[in-house]
Amino acid sequence: MKQIVFATNNAHKLDEIRQIVGDSIQVLSLADIDCNDDIPEDADTLDGNALIKAQYIHDKYGMDCFSDDTGLEIDALGGEPGVYSARYGGVAHDSERNMDKVLAKLEGVPMEQRTARFRTVIALIEGDTVTTFEGKVEGHILTERHGTEGFGYDPIFQPNEAGGPTFAEMTAQQKNAISHRGRATAKLVAHLLGAR
Ligand code: ITT
């Protein structure tokens, strides 16, 4: 069976992709290959970060590997927080501080100018070949939080195509069907299953 490493420490992402590929491909975690390294993520683009992580594992372990990076790009903030989404509020992975900072910076900005998108880039390295897959979803940043599902910036992001709810007011299934990561992952899986 084809084996591939997913360079993430996020168990939720790992479960999600294992469910999609089923028994056809064995997706290994960093723990499965005994990698406890603090893999650098210091590029200034999503593509760069996704590639750094996959390249690190490929170079060190010689295994096929993929990695992803996601950012929220807000037009009125010149594309911020973008590649800095995880630590925008100053503390890594503190979603409340991240949302507070976004809402403060957008104070007084009218709804039609609060356009934003989530963008995910997945970098895959198979042998000597690098392929990238992108997924995005367009939406608006609301003026206050709505909903408690999901994670990160979900309570303040309203995807245009869902007709009203924020990501935090949708089930995981509803969100995955239109989300940035759902879309990038679908492209990756189609590639992996097609190339089996
Ligand atoms: P890794 O271990 O895989 O690097 P991470 O938490 O850094 O996990 P990402 O690079 O995918 O995750 O995302 C960076 C940040 O962007 C993340 O910490 C959230 O604040 C935000 N984010 C990503 N996906 C999101 C989503 O679906 N909904 C809301 N916020 C999201």
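Report follows, based on the coordinates.

What counts and what doesn't
Residues numbered from 1 in each chain as written. Predicted model: local features only at pLDDT ≥ 70, side-chain atom pairs only at ≥ 80, totals over all residues. Heavy atoms only, no water. Phe/Tyr/Trp six-rings, centres within 6.5 Å; stacked < 30°, edge-to-face > 60°. Helix = DSSP H or I, 4+ residues; strand = E, 2+ residues; numbered from the N terminus. Lys NZ or Arg CZ within 6 Å of the ring centre and 35° of its normal. Buried < 20%, exposed > 50% of the residue type's maximum accessible area, 1.4 Å probe, protein only. Near = heavy atom within 4 Å. Polar contact = N/O pair within 3.5 Å; in protein donor to acceptor, adjacent residues only side chain to side chain. Areas by Shrake-Rupley, 256 points an atom, 1.4 Å probe, with all protein chains shown as cover. 1 Å grid on protein atoms, 1.4 Å probe; cavity = no way out; pocket = protein on both sides within 12 Å on 5 of 7 lines; lining within 4 Å. Sits in = over half its atoms within 2 Å of the grid points. Nonpolar A, V, L, I, M, F, W, Y, C, P; charged D, E, K, R; others polar. Axes fitted to C-alpha atoms, helices over the stretch in contact; angles between N-to-C directions. Parallel < 35°, antiparallel > 145°, perpendicular 65-115°, else oblique. Left-handed = near helix turned anticlockwise from the far one by under 90°. Contact = heavy atoms within 4.5 Å. Points joined across faces, edges and corners; volume = space filled by probe spheres on them. Pairing = 2+ DSSP bridges.

### Quick notes on the packing of aromatic side chains
Line of reasoning, step 1. The tally for this structure, following the rule as stated, stands at four aromatic pairs.
Line of reasoning, step 2. On the numbers, 5.3 Å between centres and 40° between planes, the contact of Phe157 with Phe167 is tilted. Residue Phe157 is found in strand β7 (residues 157-159), and its partner Phe167 is found in the loop between β7 and α4 (172-178); the two are separated by 10 residues along the sequence.
Line of reasoning, step 3. Here a set of aromatic residues connected by ring pairs shows up, and it is made of Phe118, Phe157 and Phe167.
Line of reasoning, step 4. Taking the ring centre of Tyr88 as reference, the NZ or CZ of Lys101 above it sits at 4.2 Å.
Line of reasoning, step 5. Sitting over the ring of Phe167, Lys175 keeps its end group 5.3 Å from the ring centre.

### A few points about unusual backbone geometry
Line of reasoning, step 1. Of note, the bond from Glu80 into Pro81 is cis; its omega dihedral lies within 30 degrees of zero at -5°.
Line of reasoning, step 2. Among the secondary structure elements, Pro81 is positioned in strand β4 (residues 81-82).
Line of reasoning, step 3. For His93, which is not glycine, the phi torsion reads 65° and is therefore positive.
Line of reasoning, step 4. In this structure, His93 sits in the loop between β4 and α3 (95-105).
Line of reasoning, step 5. The exposed category is assigned to His93, whose relative accessible area is 67%.

### Describing the site of the ligand
Line of reasoning, step 1. Close to the ligand lie 19 residues, the nearest being Thr8, Lys13, Asp154, Lys175 and His180.
Line of reasoning, step 2. One nitrogen or oxygen atom from the side chain of Lys53 is found 3.4 Å from an oxygen atom belonging to the ligand.
Line of reasoning, step 3. Computed on the free molecule, the ligand has an accessible area of 600 Å², of which 91% lies beneath the protein chains in the complex.
Line of reasoning, step 4. Because more than half of its atoms lie within 2 Å of the grid, the ligand is assigned to the largest pocket.
Line of reasoning, step 5. Elements with a contribution of two residues or more to the shell around the ligand: β3 (65-74) and α5 (180-194).
Line of reasoning, step 6. The dominant element in the shell around the ligand, judged by the number of residues it contributes, is β3, at three residues.
Line of reasoning, step 7. Grouping the constituent residues of the shell around the ligand by class yields four nonpolar, seven polar and eight charged.

### Details of the packing of helix α1 (residues 11-21) against α5
Line of reasoning, step 1. Their axes nearest at 11 Å, the elements α1 and α5 cross at an angle of 45°. As far as their axial angle goes, α5 and α1 are oblique. The interaxial crossing formed by α1 with α5 has right-handed handedness. Residues Lys13, Glu16, Ile17, Ile20 and Val21 of α1 form the contact with α5, whose own contacting residues are Arg181, Thr185, Leu188 and Val189.

### Observations regarding the layout of surface pockets
Line of reasoning, step 1. When its volume is computed, the largest pocket comes out at roughly 970 Å³.
Line of reasoning, step 2. In terms of lining residues, the largest pocket is bounded by 35 residues, among which Lys13, Glu41, Asp69, Ala86 and His93 are the most central.
Line of reasoning, step 3. For the lining of the largest pocket, the secondary structure elements donating two or more residues are α2 (46-61), β3, α3 and α5.
Line of reasoning, step 4. The element contributing the most residues to the lining of the largest pocket is β3, with five residues.
Line of reasoning, step 5. Looking at the lining of the largest pocket residue by residue, the classes come out as 11 nonpolar, 12 polar and 12 charged.

### Brief notes about the pairing of strand β5 (residues 115-126)
Line of reasoning, step 1. Where burial is concerned, most of β5 is hidden: 11 out of the 12 residues are buried.
Line of reasoning, step 2. Two elements, β5 and strand β6 (residues 129-141), share 12 bridges in a ladder whose sense is antiparallel. Considered in β6, the bridge of Glu126 is made with Thr129.

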